[in-house]
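Fold and geometry: a report
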Amino acid sequence: MSRFAAPPGNGQGGGRDTAPSVAGARAVRRRPVGRVTSRGVVVGAVAVLLAGAGTSVGAASGTASGDPVVSGATVNSGRDVIVGITHDVRFSVTVTGSDDSGLSFADVDLKGPHGGFYTTDAYCETPTACTTGFTVNAHPAPGSDDWVDLANANAGTWSVDALVDAGDGDSRFAPGVGSFGLKRAARLTVDASPEPVAKGARLTVTGKLVRANWDTYRYAGYVGQAVKLQFRPKNSSTYTTVATVNTNSTGNLRTTVKAVKDGYWRWNFTGTATTGPAKAAGDYVDVRP
């Protein structure tokens with residue numbers, strides 16, 4: 001089942017709940033599940049019914065004028081969530097909205113490809129915002145035979161569902177209120193040779209693009225990907241793309257260029273829908289007359 005941290009006890013301030021938001025939620029891999037909140041209410045099936053009916057919780061039909069409004073959700077400050085194979089990755093989700101009585105509590109579900117699922121809840125830190133935290137990983141826990149959270153098939157675009165409570169007891173279920181990319185981490189290497197090189201001679205630049213394999217807990221070559229070869233002259237801060245090369249069957253890169261001036265060479269991968277970007281550290285080459 002889905003795991004999460006229960007919120008702390010209610011705190012009072014200015015007539016609304018002000019207990020800190022809570023972090024934590026670890027999902028069982030490859031198995032979509034219903035959701036049980038800390039309030040003891042099974043809402044996985046309820047959410048489905050509400051999504052089909054298009055009504056708020058507790059409303060017989062239509063939308064009552066006093067129901068809370070859910071305006072959006074921001075995940076990881078608007079950035080993709082990039083996960084490797086060795087460390088937990090923690091990120092926040094902030095659900096925003098409004099109500100005459102102020103927002104008080106939110107249940108947040110994250111849903112991804114092939115049954116990817118996380119859930120947790122939080123007390124709202126302001127009348128218009130509710131922030132909670134998630135922890136995801138793609139590595140087995142030390143000394144444990146528990147399934148890890150993520151499989152390769154889970155990488156891609158995830159959606160955010162939110163069930164928000166107002167201070168007066170009204171609630172609103174908002175499916176698909178936000179989205180974000182949950183991606184496999186990538187790494188790049190570079191080597192330019194010979195070093196030093198004569199001006200006008202040919203310079204060979206090699207490298208390798210690998211990405212995290214969430215199924216095997218290793219990094220493996222990323223095949224058939226377009227990667228930019230970039231150059232930055234000495235005493236400059238700007239890289240310019242010189243060529244674009246596709247990785248081979250093992251993720252390796254290789255091309256030759258003409259050596260013109262001293263500077264740094266690097267490979268730059270912009271990422272895909274399932275894999276994060278990567279840049280190699282610049283390799284400096286001394287070009288001699």
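This report concerns the structure included in the present document.

Reading the values: rules and limits
Each chain carries its own residue numbering, running from 1 in the direction its sequence is written. Predicted model: local features are reported for residues with pLDDT of at least 70 only, side-chain atom pairs are reported and counted for 80 or more only, and whole-chain, interface and lining totals are derived from all residues. Hydrogens and water molecules were not included; the side-chain quantities draw on all heavy atoms of the structure. Under the scheme applied here, a residue whose accessible area is under 20% of the maximum for its type counts as buried, over 50% as exposed, and between as partly exposed, the area being computed with a 1.4 Å probe on protein chains only. Runs of E in the DSSP output that reach at least two residues are strands. Runs of H or I that reach at least four are helices, and both are numbered from the N terminus. Strands are labelled as partners when DSSP assigns at least two bridges between them. Think of a polar contact as two N or O atoms within 3.5 Å of one another; within protein, one of them needs to be a possible hydrogen donor and the other a possible acceptor, and neighboring residues in sequence only count if both atoms come from side chains. The disulfide criterion is simple: two cysteine sulfur atoms within 2.5 Å. Think of a salt bridge as a Lys or Arg side-chain nitrogen and an Asp or Glu carboxyl oxygen that are within 4 Å of each other. Stacked, edge-to-face and tilted labels apply to pairs of Phe, Tyr and Trp rings (six-membered ring for Trp) whose centres lie within 6.5 Å, assigned for plane angles under 30 degrees, over 60, and everything in between, in that order. What is meant by a nonpolar core is a set of buried Ala, Val, Leu, Ile, Met, Phe, Trp, Tyr and Cys residues, joined one to another through side-chain atoms within 4.5 Å. Helix axes are fitted to C-alpha atoms over the stretch in contact, other axes to C-alpha atoms as well, and angles between N-to-C directions run from 0 to 180 degrees.

1. With respect to the pairing of strand β13 (residues 186-193)
Burial along β13 is one-sided: Ala186, Leu188, Val190 and Ala192 are buried, while Arg187, Thr189, Asp191 and Ser193, pointing the other way, are not. Sheet topology note: the β13/strand β15 (residues 202-213) ladder contains 8 bridges and is antiparallel. Each residue of the ladder has a partner; that of Thr189, found in β15, is Lys208.

2. With respect to the side chain of Ser171
Position of Ser171 relative to the elements: it lies in strand β12 (residues 171-184). In this structure the side chain of Ser171 is engaged in a polar contact, spanning 2.6 Å, whose partner is the side chain of Asp165.

3. Some words on the state of the cysteines
Working definition of a disulfide: a covalent bond connecting the sulfur atoms of two cysteines. One pass over the structure, following the stated rule, counts 1 disulfide. Across a sulfur-sulfur distance of 2.0 Å, Cys124 and Cys130 are joined as a disulfide pair. Its S-S torsion of approximately 75 degrees makes the covalent link between Cys124 and Cys130 right-handed. For the pair shown, Cys124 and Cys130 are each scored as buried.

4. Quick look at the environment of Ala174
Position of Ala174 relative to the elements: it lies in strand β12. Residue classification places Ala174 among the buried positions, given a relative accessible area of 11%. On a C-alpha basis, the gap between Ala174 and Val160 in space is 8.7 Å, while along the polypeptide they are 14 residues apart.

5. Let's talk about the pattern of salt bridges
All chains considered together, the criterion is met by 5 salt bridges. Between Lys183 and Asp80 there is a salt bridge, with the nearest N and O atoms lying 2.9 Å from each other. Linking Lys183 in strand β12 with Asp80 in the loop between β5 (69-75) and β6 (81-83), this pair joins segments that are 103 residues apart in sequence. On the basis of relative accessibility, which here comes to 13%, the residue Lys183 falls in the buried class. Of the charged contacts, one joins Asp161 and Lys111 as a salt bridge, the two residues approaching to 2.8 Å between their closest N and O atoms. Here the residue Asp161 occupies a position in strand β11 (residues 156-166), and Lys111 occupies one in strand β8 (residues 103-112), the gap between them amounting to 50 residues. Looking at Lys111, the relative accessible area reads 37%, which means it is partly exposed.

6. Let's talk about the packing of aromatic side chains
Evaluation of the coordinates by the stated rule reveals 8 aromatic pairs. Geometrically, the ring pair formed by Phe91 and Phe134 is stacked, given 5.9 Å between the ring centres and 20 degrees between the ring planes. With Phe91 in strand β7 (residues 89-98) and Phe134 in strand β10 (residues 129-136), this pair connects stretches of sequence that are 43 residues apart. Taken as a pair, Phe91 and Phe134 share a single burial class, namely buried. Consider the rings of Tyr222 and Phe269, whose centres lie 5.8 Å apart with planes at 80 degrees: the pair is edge-to-face. Of this pair, Tyr222 sits in the loop between β16 (218-221) and β17 (226-233) while Phe269 is found in strand β20 (residues 263-269), placing the two residues 47 residues apart along the sequence.

7. A look at the nonpolar core
Grouped together as the largest cluster of nonpolar side chains are 32 residues, with contacts concentrated most on Val83, Leu110, Leu150, Val160 and Trp214. Contributing elements (two or more residues each) for this core: β5, β6, β7, β8, β10, β11 and β12. Core analysis: the second largest hydrophobic core is formed by 23 residues, Ala192, Leu203, Phe231 and Val285 among them.

8. Let's talk about the pairing of β12
Counting buried positions along β12 gives 11 out of 14 residues, so the element sits mostly inside the fold. Two strands pair when backbone bridges link them, and β6 and β12 are joined in this way by 3 bridges, in the parallel orientation. Bridge assignment links Val83 to a residue of β12, and that residue is Arg184. Of the strand pairs in this sheet, β11 and β12 are connected by 9 bridges, and their pairing is antiparallel. Looking at β12, one finds that Trp158 is bridged to Phe180. In this structure, the hairpin formed by β11 and β12 is closed by a connection of 4 residues, where Gly169 is found at a positive phi of approximately 100 degrees.

9. Concerning the sheet that holds β10
Within a sheet, adjacent strands bond to each other through the backbone by hydrogen bonds, running parallel or antiparallel. The strand order across the open sheet formed by 3 strands is β5-β7-β10, and the pairing between neighbours is antiparallel. Every other strand in the sheet has two partners, leaving β5 and β10 as the edge strands with one partner each. Direction aside, the axes of adjacent strands within the sheet are offset by 20 degrees on average. Taken together, the 6 bridges between β5 and β7 define a ladder with antiparallel strand orientation. Residue pairing in the sheet places Gly72 in a bridge with Thr96 of β7.

10. Points about unusual backbone geometry
For the bond from Ser193 to Pro194, the omega torsion is 0 degrees, close enough to zero to count as cis. Mapped onto the fold, Pro194 is located in the loop between β13 and β14 (197-198). With phi around 55 degrees, Ser77 is a residue other than glycine that occupies positive phi space. Considering the arrangement of structural elements, one finds Ser77 in the loop between β5 and β6. Non-glycine residue Asn235 carries a positive phi angle of around 70 degrees. Following the sequence through the fold, Asn235 ends up in the loop between β17 and β18 (240-246). Taking relative accessible area as the criterion, Asn235 reaches 77% and is therefore assigned exposed.

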